[in-house]
Amino acid sequence: MSFYNTEQLNKMNFKHLGKNVLISEKCSIYNAANISIGNNCRIDDFAILSAGDGGIELGNYIHIACFSTLVGKGKITMKDFSGLSGRVSVYSSSDDYSGSVLIGPTLPSEFTNVDHRPVYIGKYAIIGCGSVVLPGSIISEGCGFGALSLINGEYNSYKLYGGIPAKYIKDRKCVEDHIDIDQISKHKTSKK
């Protein structure tokens, strides 16, 4: 995988850009001025980050895998140590599917009824391959979602969910009970 160098990243004019950030040259970034990226983050090939008015805020040690999408007018937040597996789609905007209005971004807003709501992905959360996160979803700290989950609502901390729609499967371990997170910052990290 080929990553942008620091000079190239700085020219994109992100709202905030941390240290040791790896973004694939094949990633698409739209409205970088509304995107904040913390330290030690990696965004892989063919991911799309399209920030609306609310922006996108990525914490530290975030991984966004290949073909994942973060898009919409509402704010999208990913807290420290959270991650998206391949082909995860996070939407903070969604058209009205009822049939009572028209759909699509080419129409004036009076003919549509787009749902714009923030999406929150908490610390240590992981979202499995091919999952879809809908506007207004609140994914609490330590949540995990199996592949192909439909995430729409509020989810409790340290639980594992899966399915369409995502339902509780079992409790998930708290990483802080097993790893001294403060030790992470003492390890040397370097760009490839």
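To start, this report covers the structure provided alongside it. (Residues numbered from 1 in each chain as written. Predicted model: local features only at pLDDT ≥ 70, side-chain atom pairs only at ≥ 80, totals over all residues. Heavy atoms only, no water.)

### A word on the overall build of the protein
For the record, the criterion: A run of H or I in DSSP counts as a helix once it spans at least four residues, and a run of E counts as a strand once it spans at least two, with each numbered from the N terminus. Values of the radius of gyration come from C-alpha atoms, whereas the globule rule sets the reference at 2.2 Å times the count of residues to the power 0.38. Each residue gets one of three labels from its accessible area relative to the maximum for its type: buried under 20%, exposed over 50%, partly exposed in between, using a 1.4 Å probe on protein chains only. Here a residue-residue contact requires only that any non-hydrogen atoms of the pair lie within 4.5 Å. The accessible surface values rely on the Shrake-Rupley method and a 1.4 Å probe; as for residues, cover is taken only from the protein chains in view. Note that His is not counted, nor are the chain ends; the positive residues are Lys and Arg, and the negative ones are Asp and Glu. For this purpose, a charge sits on NZ of Lys, CZ of Arg, CG of Asp or CD of Glu.
Regarding its fold elements, the protein presents 1 helix and 23 strands. In terms of overall dimensions, the protein is globule-like: its C-alpha atoms have a radius of gyration of 17 Å, near the 16 Å expected for 192 residues. With the principal axes as the frame, the protein shows a C-alpha extent of 55 × 45 × 25 Å. For the protein, the residues scored as buried account for 41% of the 192 residues in total. In the protein, 21% of the contacts between residues at least 6 apart in sequence involve partners at least 24 apart. Accessible surface for the protein amounts to roughly 10300 Å². Of this, 52% is attributable to carbon and sulfur atoms. Each charge sign in the protein was given a centre, from 20 positive and 18 negative side chains, and these centres are 6 Å apart.

### Details of the sheet that holds strand S21 (residues 154-155)
The following threshold applies: One requirement defines pairing of two strands: DSSP has to find at least two bridges between them.
If you trace the 7 strands from one edge of the open sheet to the other, you get S1-S4-S7-S10-S15-S18-S21, paired in parallel fashion. Of all the strands in the sheet, the pair left with one neighbour each is strand S1 (16-17) and S21.

### Concerning the nonpolar core
Filter applied, for reference: We call a set of buried residues a nonpolar core when its members are Ala, Val, Leu, Ile, Met, Phe, Trp, Tyr or Cys and they connect through side-chain atoms within 4.5 Å of each other.
With 36 residues, the main nonpolar core has Leu58, Leu70 and Ile139 as its most contacted residues. Look past the residues within four positions of Leu70 in its chain and what remains in contact with it is Ile48, Leu49, Ser50, Ile56, Leu58, Ile64, Ile76, Met78, Leu84 and Val90.

### Structural notes on the sheet that holds strand S3 (residues 28-30)
With respect to topology, 6 strands assemble into an open sheet ordered S3-S6-S9-S12-S17-S20, the strand pairing being parallel. Each edge of the sheet is formed by a strand with only one pairing partner; in this case those strands are S3 and strand S20 (150-151). Pairing analysis gives 2 bridges linking strand S17 (residues 132-133) to S20, with the strands arranged parallel. Paired with Val133 across the bridge in S20 is Ile151.

### What about a negative patch on the surface?
Condition: Only residues whose relative accessible area exceeds 30% and that take part in no salt bridge are eligible for patches, with like-charged residues grouped when within 9 Å of each other and nonpolar side chains (Val, Leu, Ile, Met, Phe, Trp, Tyr) grouped when within 5 Å. The working definition used for a salt bridge is a side-chain nitrogen of Lys or Arg within 4 Å of a carboxyl oxygen of Asp or Glu.
Together, Glu141, Glu176, Asp177, Asp180 and Asp182 make up a region of like negative charge exposed at the surface. Structurally, Asp182 can be placed in the segment after strand S23 (167-171). For Asp182, a relative accessible area of 58% puts it in the exposed group.

### Section: the side chain of Ser131
What counts is decided by this rule: Pairing of N or O atoms within 3.5 Å defines a polar contact, subject to two protein rules: one partner must be a possible hydrogen donor and the other a possible acceptor, and residues neighboring in sequence count only if both atoms are side-chain atoms.
Tracing the backbone through its elements, the reader meets Ser131 in the loop between strand S16 (126-127) and S17. Accessibility expressed as a relative area gives 0% for Ser131, which makes it buried. From its side chain, Ser131 meets the backbone oxygen of Gly146 in a polar contact 3.2 Å long. Once residues within four sequence positions are removed from consideration, Ser131 is found in contact with Arg87, Val88, Ser89, Gly146, Ala147, Leu148, Ser149 and Ile151.

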